[in-house]
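Chain and residue survey
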Amino acid sequence: MIRTWRAARTHPTLRTVAAVSAAALLVSGCSAAGTGTKSGSASKPTAFSALFTTENTQIPAELNRLAAGECKAQNDALPLKIEQTPGSNMQQKVQLLAGQDALPVLFAGGNALINKDGALQKSGQLVDVKKALTDLGVGDKLTPAASDTIDKLYGGGVYPTIPFQYNIEGIFYNKKIFEEQGIAVPTTWDELLAAAAKLKAAKITPFTASGKTGWTISRWVGAYILRDLGPDALKKVADGQAKLTDPEYVRAAQAIADLGKAGYFVDGVTSVDYDTATANLLNGKAAMMYMGSWLLASINDPKKNPLGDAIGFMPVPAVTGGSGSIDQYPANVGAPTAISAKQYSPEVGGWLKCIAENYASGLMETQGAFSGFKMGKPVANVPPLTQDLQKRIDASTSTVLWFEALFNTKATGDASANAAPLLTGAMKPEQYMSLLQNDLSAAQ
C-alpha cells in the first residue's frame, strides 16, 4: 500500500524540463479552477482516465471492482481507464502532462504540486474536491478525521485530493509477548522505555524497523516531537516560527538515538528492508513496530501473519510534562489523488459521487483497509484489530501530521536516508536536525 507520496530526486536534465513545464502551468489557467462543478476549456473527456503509481495496487483494484459493480452505470457513461507509472517518475510525468494540457481526469499529484503553493493549484488546474462533493450532495460522506487531516495538509487553498485511503499511525505490538513478560500497554514514554528494557533483558528484541526504508525510523522522531511539544510543533517549523535545531526539537532526535544506543532495535537495522522489518513483528522476532494502519493488510493475511490475533495496536505513549495528547494520532490520506479541473464534467461528477457512496465499504470488505469516506453499508466479519482501529478513527475528529508531512522533497529524502545513522550513532542528533533544517531553510 502507498503510504505517502514522495518524489524521487531527479537528474538535472529532468529538473530543467520539469521547471519549464511548471512555468508553462502558470499561464494555462482554467475557468473551472477550484469550482469542482464546471467543465474547463478542454474538450469533454471520453474516459474516466486515472494515473497512479505502479506501486499503488489498492486504489486501481477497488476502482475496477466499482466499475463492474456499484458504479457500472457511471462506467458505461464514462469508461474507467487506468494507467500506472513508477513512483520515481510520477512527479516529472504529471508536470509534463500539465504543461502539455494533457492531464488525465484523476492523477497522483504529489503534495509539492497540489498544495496551496504548488504550481498546479496556483495555475487553477485542480478541482476543489470538498466543494465538488458538497455540490453533488455527498459532502457528508467525508469522515471528520479525514477532512481535518486534509485541512491541515492543504489549508489556505482548495481541497485538492480524493481521500481514497486513510491511515493512522502508532505502535503495533505482540500481545502474547507482553502477556508472557508481564508488560502492560505503556501509556507514557518512561513506561515504554521500561518495557523495552525488560524485553531486552529477556533476550527479546523490543523494536523492529527498516534502515533501508528510513521513514520507519524517522517517524519516531516526529511522534516524540508531537507528544512533547504539542500538535502544532511541526507546523511552527513549516511556518518559520521554530527550527528543528532548537534544543527542544533536538531533544526528540536524541530520544530516538537513545533507543538505538540502548540496543532496543533489531540487529543490523541499517540493512533491514521493509518486508523483513514487518516479518520480524509478524513472526514474533520483535515485540513492537511503529507503523500505520495500512499494515492491517499484512496482519489480516494468514500467509504473512502466523500469529493471528496476537497483534495489537497502541498510540505512541505520552511524554511526561509534554503538551501533546496520547489520543492525537498522526494521520494521512494516502497517495494524493487530484482531479483535473479542465477534465471535470457531469460524467466525472457522477463517478465522484458513486465513489463517495460506495468506495469505503468495498475497500473494507475486499481489502480490510480504511478510506476517508464513511462506509455506505456495514461490512461483516471484520477482524478484531481492524474493528479496534476503526473505532479509534471514528472517535477522532482531530489529527496531527506525520514528521515529514510539511517537509519539501529534499528534507523528506534526507530525513529517511539519515534515520538509520541517527539510530546507530553514526550521526549525532544535532547533525541530523541541522541537515533537515538546512533543507527547509534553503527552500524558504
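Conventions we followed
- Residues numbered from 1 in each chain as written.
- Predicted model: local features only at pLDDT ≥ 70, side-chain atom pairs only at ≥ 80, totals over all residues.
- Heavy atoms only, no water.
- Axes fitted to C-alpha atoms, helices over the stretch in contact; angles between N-to-C directions.
- Helix = DSSP H or I, 4+ residues; strand = E, 2+ residues; numbered from the N terminus.
- Parallel < 35°, antiparallel > 145°, perpendicular 65-115°, else oblique.
- Left-handed = near helix turned anticlockwise from the far one by under 90°.
- Contact = heavy atoms within 4.5 Å.
- Nonpolar A, V, L, I, M, F, W, Y, C, P; charged D, E, K, R; others polar.
- Disulfide = S-S within 2.5 Å.
- Buried < 20%, exposed > 50% of the residue type's maximum accessible area, 1.4 Å probe, protein only.
- Pairing = 2+ DSSP bridges.

The contact between helix α13 (residues 247-261) and helix α20 (residues 429-443) brings their axes to 8 Å, and the two run at 130 degrees. Classified by the angle between their axes, α13 and α20 sit oblique to one another. Both α13 and α20 take part in a crossing whose hand is right-handed. In this structure, α13 contributes Tyr249, Val250, Ala253, Gln254 and Ala257 to the contact, and α20 contributes Pro429, Glu430, Tyr432 and Met433. Per-class residue counts for the contact of α13 with α20 are seven nonpolar, one polar and one charged.

Here the focus is the state of the cysteines. This model, assessed by the stated rule, comprises one disulfide. Sulfur-sulfur distance for the disulfide between Cys71 and Cys354 comes to 2.0 Å. When the S-S torsion is -105 degrees, as for the bridge of Cys71 with Cys354, the disulfide is left-handed. Of this pair, Cys71 sits in the loop between α2 (58-68) and α3 (72-77) while Cys354 sits in helix α16 (residues 346-367), and the two are 283 residues apart along the sequence. Overall, Cys71 belongs to the buried group, its relative accessible area being 0%.

Turning our attention to the pairing of strand β1 (residues 48-53). Here β1 lies mainly inside the structure; six of its six residues are buried. With burial as the criterion, each face of β1 is covered, one bearing Phe48, Ala50 and Phe52 and the other bearing Ser49, Leu51 and Thr53. Across six bridges, the pairing between β1 and strand β2 (residues 80-85) is parallel. For Phe52, the partnering residue across the bridge sits in β2 and is Gln84.

Distances and angles like these do not, on their own, reveal function.
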